[in-house]
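Here is how the chains run, residue by residue.
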Amino acid sequence: DTEVTQTPKHLVMGMTNKKSLKCEQHMGHRAMYWYKQKAKKPPELMFVYSYEKLSINESVPSRFSPECPNSSLLNLHLHALQPEDSALYLCASSQVSSGANVLTFGAGSRLTVL
Amino acid sequence: DAKTTQPTSMDCAEGRAANLPCNHSTISGNEYVYWYRQIHSQGPQYIIHGLKNNETNEMASLIITEDRKSSTLILPHATLRDTAVYYCIVLSPPNSGYALNFGKGTSLLVTP
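What comes next concerns the included structure. (Residues numbered from 1 in each chain as written. Chains lettered and ligands numbered in written order. Predicted model: local features only at pLDDT ≥ 70, side-chain atom pairs only at ≥ 80, totals over all residues. Heavy atoms only, no water.)

1. A few points about the overall build of chain B
At step 1: For chain B, the helix and strand inventory stands at zero helices and nine strands.
At step 2: In chain B, the order of α-helices and β-strands from amino to carboxyl end is β-β-β-β-β-β-β-β-β.
At step 3: The C-alpha atoms of chain B give a radius of gyration of 13 Å, which matches the 13 Å a tight globule of 112 residues would have.
At step 4: A principal-axis box enclosing the C-alpha atoms of chain B has dimensions of 45 × 30 × 25 Å.
At step 5: Pairs at least 24 apart in sequence give 57% of the contacts found in chain B among residues at least 6 apart.
At step 6: Looking at chain B as shown, the accessible area adds up to about 5600 Å², and 49% of this sits on carbon and sulfur atoms.
At step 7: Positive and negative charge centroids in chain B, built from 8 and 9 side chains respectively, lie 4 Å apart. (Helix = DSSP H or I, 4+ residues; strand = E, 2+ residues; numbered from the N terminus. Rg over C-alpha atoms; globule rule 2.2 N^0.38 Å. Contact = heavy atoms within 4.5 Å. Areas by Shrake-Rupley, 256 points an atom, 1.4 Å probe, with all protein chains shown as cover. Lys, Arg positive; Asp, Glu negative; His and termini not counted. Charge placed at Lys NZ, Arg CZ, Asp CG, Glu CD.)

2. Examining the interface of chain A and chain B
At step 1: On the chain B side, the residues contacting the 24 residues of chain A number 22 residues.
At step 2: Buried area between chain A and chain B, both sides added, is near 1700 Å², and the carbon and sulfur share of it is 61%.
At step 3: The tally of links from chain A across to chain B stands at zero salt bridges.
At step 4: Viewed at the interface, chain B and chain A are joined by four residue pairs in polar contact (both at pLDDT 80 or more).
At step 5: Elements represented by at least two residues in the side of chain A that touches chain B include exactly strand E4 (31-37) and strand E5 (44-50) of chain A.
At step 6: Considering only residue class, the side of chain A that touches chain B consists of 14 nonpolar, seven polar and three charged. (Buried area = accessible area lost by both parts, 1.4 Å probe. Salt bridge = Lys/Arg side-chain N within 4 Å of Asp/Glu carboxyl O. Polar contact = N/O pair within 3.5 Å; in protein donor to acceptor, adjacent residues only side chain to side chain. Nonpolar A, V, L, I, M, F, W, Y, C, P; charged D, E, K, R; others polar.)

3. Concerning the state of the cysteines
At step 1: If you walk through the whole model with that rule in mind, you get two disulfides over all chains.
At step 2: The disulfide partner of Cys23 of chain A is Cys91 of chain A, and the gap between their sulfur atoms is 1.9 Å. Given an S-S torsion of about -75 degrees, the disulfide between Cys23 of chain A and Cys91 of chain A has left-handed geometry. One end of the pair, Cys23 of chain A, is in strand E3 (residues 18-25); the other, Cys91 of chain A, is in strand E9 (residues 87-94), and 68 residues separate them in sequence. The pair formed by Cys23 of chain A and Cys91 of chain A is uniform in burial state, with each residue classed as buried.
At step 3: Shown here is the disulfide that connects Cys22 of chain B with Cys88 of chain B, its sulfur atoms set 2.1 Å apart. Handedness here is read from the sign of the S-S torsion; for Cys22 of chain B and Cys88 of chain B, about -80 degrees, the answer is left-handed. Of this pair, Cys22 of chain B sits in strand E2 (residues 18-23) while Cys88 of chain B is found in strand E8 (residues 84-91), placing the two residues 66 residues apart along the sequence. (Disulfide = S-S within 2.5 Å. Buried < 20%, exposed > 50% of the residue type's maximum accessible area, 1.4 Å probe, protein only.)

4. Some thoughts on the pairing of E9 of chain A
Consecutive residues of a regular strand have side chains that alternate between opposite faces of the sheet.
Residue and element names in this part refer to chain A.
At step 1: Along E9, eight of the eight residues are buried, which leaves the element largely enclosed by surrounding structure.
At step 2: What you see with E9 is no split at all: Ala87, Tyr89, Cys91 and Ser93 on one side and Leu88, Leu90, Ala92 and Ser94 on the other are buried throughout.
At step 3: The pairing of E4 with E9 spans seven bridges and is classified as antiparallel. The residue of E9 that forms the bridge with Tyr33 is Ala92.
At step 4: In the sheet, E9 pairs with strand E10 (residues 104-105) via two bridges, with the strands oriented antiparallel. Across the sheet, Ser93 pairs through a bridge with Thr104, a residue of E10. (Pairing = 2+ DSSP bridges.)

5. Quick word on the sheet that holds strand E1 (residues 9-13) of chain B
Two strands in a sheet stick together by hydrogen bonds in their backbones, pointing the same way (parallel) or opposite ways (antiparallel).
Residues and elements named next belong to chain B.
At step 1: Pairing is mixed in the open sheet, where five strands are placed in the order E1-E9-E8-E3-E4. Both outer strands of the open sheet, E1 and strand E4 (45-50), are each paired with one neighbouring strand and no more. With direction set aside, neighbouring strand axes in the sheet form an average angle of 25 degrees. (Axes fitted to C-alpha atoms, helices over the stretch in contact; angles between N-to-C directions.)

6. Regarding the environment of Ser109 of chain A
All names here are of chain A.
At step 1: Mapped onto the secondary structure, Ser109 falls in strand E11 (residues 109-113).
At step 2: Along the primary structure Ser109 and Met27 are separated by 82 residues, whereas in three dimensions their C-alpha atoms are 20 Å apart.
At step 3: Those residues in contact with Ser109 that sit more than four places away from it in its chain are Gln6, Thr7, Pro8, Lys9, Leu21, Ala87, Leu88 and Tyr89.
At step 4: A polar side-chain atom of Ser109 sits 2.6 Å from the main-chain carbonyl oxygen of Pro8.

7. A look at the pattern of salt bridges
Two side chains bearing opposite charge may form a pair once their charged atoms approach each other closely.
Residues and elements named next belong to chain A.
At step 1: Scanning the entire structure with this criterion turns up four salt bridges over all chains.
At step 2: Among the salt bridges present, the one from Arg30 reaches Glu52, with a minimum N-O distance of 2.9 Å. Placement of Arg30 in the loop between E3 and E4 and of Glu52 in the loop between E5 and strand E6 (53-57) is noted, with a sequence separation of 22 residues between them.
At step 3: We classify Arg30 as partly exposed; its relative accessible area is 32%.

Structure, rendered in structure tokens:
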């Protein structure tokens, strides 16, 4: 299995809803990532997990709450989002190595906040 | 991590070689050059990476200048499916947290 699987592909939520995005990989990768991408912009790093521990948080608002319950799963819990949070959310994974580091990306979850 | 500069957009005729340049004049000795691409509405896709030597794989070739201040990604026979945004990223090994930070990239349009 060489894929990163993201669910759902599309999500519409109101500003008072609580929802979650899910990411799964079975490549044995021990680093996992969340990126946010607005239309016509490059992906922006949000969070990095390494060995199931949060290693990077790019000053993301607390309404986004990541979770890495095991080495294969990464969740992004969403609560009290704003319409400007509407975007494509990308998950990626990679090995942890002392040299080059190649990320494998999922197809993304497209979020619309009403 | 070193900053990169890429042209905003490029065109290429189908079947011809696409040569995408990237300037990374502040690159340091342990930083790798990575290329990814993103086809519309899909997740980014890894293409190739290198440190000092030129590299080739089934997708592309990477030519890095001797001073490592610039590189060129070569798609030898571009097809319409190669139309995408191409990102050149420079990154040092794990002590920066493994995190790729994307610049604006080059939007490549392959035309029939």
